[in-house]
Structure formats: C-alpha cells, structure tokens
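The chain contents come next:
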Amino acid sequence: MDSHFFSVTPLFKTKRLQVIDTIKFIMDDELSLLLNLAVIQLLSPEVVKSLPCSFHHINNSQQAAAWLERMQQEGQVLVVVDDVSKAMIGFVFLFQSNDNIVHLGYLLGELYWSQGYGYELLTGLLLCCKQKQLAKTLVAGVDSLNVGSARLLEKVGFIADNTNNDESVFYQYDII
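Worth saying up front: this structure is predicted, and the values here are computed from it rather than measured. (Residues numbered from 1 in each chain as written. Predicted model: local features only at pLDDT ≥ 70, side-chain atom pairs only at ≥ 80, totals over all residues. Heavy atoms only, no water.)

(A) Structural view of helix α4 (residues 61-74). For α4, spanning 14 residues, the distance from its first C-alpha to its last is 20 Å, which sits close to the expected 20 Å at 1.5 Å a residue. Along α4, the residues classified as buried are A64, W67, L68, M71 and Q72. In a view along the axis of α4, the buried residues occupy a sector of 130°, so they form one face of it. Turned more than 90 degrees from where α4 packs its buried face, Q62 and Q73 sit exposed. Buried residues belonging to α4 abut α1 (23-26), α2 (29-42), β3 (76-82) and β4 (88-96). (Helix = DSSP H or I, 4+ residues; strand = E, 2+ residues; numbered from the N terminus. Expected span 1.5 Å × (residues − 1). Buried < 20%, exposed > 50% of the residue type's maximum accessible area, 1.4 Å probe, protein only. Arc of directions from axis to C-beta. Contact = heavy atoms within 4.5 Å.)

Quick look at the structure:
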C-alpha cells in the first residue's frame, strides 16, 4: 500500500485495527481506487446475503464508487484497516437519526471472520463514542438468521429489543 495511506489519521485505533473515515480516501485518487477495490472484494455474496439489496452485485470500480457515494450521503462510512497488513477488512456505517440516536451497521470480509476482529472493532467503537461523545445511544439491526452478529452485539453489551419482528432483531447500547 502506498505511503499516502500512512498520513491518513484514523478516527480510532485498537490493538490490531485502524478505523478511518472514507471521506479521507476520496480526496486522493490512489486511495480512492484502493477503497473501490476493497468494496468489490469485501461485499462478497456470503457477506451481503442478509444485507439490503444496495449491497449486492458490486462488481466493478464504477459500481463501488457509486455505492460509496450513496452510503456517504446517508451517513458516515468508516473503513476498517488491519494495522499490520494495511488491508481494508471491513466497514462501519453510522447513521444519525436524531441528536441522541445513531444507527450502526458493520461488516467484515469473510477472510476476517472468527478471528476476534468484530469484537475488537465494536469495543473500540464504543470507547470512541464515549470519549468523543459521538452518540448517546447506538442501535443496530441484525437479520434474525445472523446468529454470529447477534451474539457479538450481546457480547459487547448491546441489549435486544423485545419487540422483534421475524426478519430483524434490533439491539441498543446506551453510552451514557
């Protein structure tokens, strides 16, 4: 990865991860291209199977750029980078619904599942939200079939909403 990457300041870091606002990548043509390639690689059919249709069938750089632009219009998009390899391994999505509530979405590429990255990412995000007062409450929706993600949210302290429907379960984390 190019040395430009090292000058991009992360929103937060953990032991193995850097989490960086994608807006910082868009300003640089080389980083923007790398980000588009990461979108194509990370949004594999297995990763997006329980995500909205807008995450499916991103197969080229133009589609990736359009997807990123659409996601950035809806909220803040963060890229998750492995601190050692500098590989982009996932995304975090933060959508402000009002002054107190931020909706959270996240995904990791298949190669990075079951290695503790999700736990490290979410605990780092929660700490960042507390320290920088980014939100009072985080809300995350999970497909009812995505047991791994549901367990992860519960492990870091999210509480399931008891008014679930058959397709999604919503989890809440009160920061303050």
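(B) Layout of the environment of H103. Mapped onto the elements of the fold, H103 is located in strand β5 (residues 101-108). By relative accessible area, which is 31% here, H103 ends up partly exposed. Taking the C-alpha atoms as reference points, H103 and N146, separated by 43 residues in sequence, lie 18 Å from one another. Leaving out residues up to four positions away in the same chain, H103 has contacts with F93, L94, F95, S97 and V139. Within polar-contact distance, the side chain of H103 engages the side chain of S97 at 3.5 Å. (Polar contact = N/O pair within 3.5 Å; in protein donor to acceptor, adjacent residues only side chain to side chain.)

(C) Inspection of the packing of aromatic side chains at higher detail. Using the criterion set out here, one finds eight aromatic pairs in the structure. With a centroid separation of 5.6 Å and 85° between ring planes, the pair formed by F55 and F93 is classed as edge-to-face. Within this pair, whereas F55 is found in the loop between α3 (45-48) and α4, its partner F93 is found in strand β4, the two being separated by 38 residues in sequence. An angle of 70° between the planes, with centres 5.7 Å apart, marks the rings of W67 and F91 as edge-to-face. (Phe/Tyr/Trp six-rings, centres within 6.5 Å; stacked < 30°, edge-to-face > 60°.)

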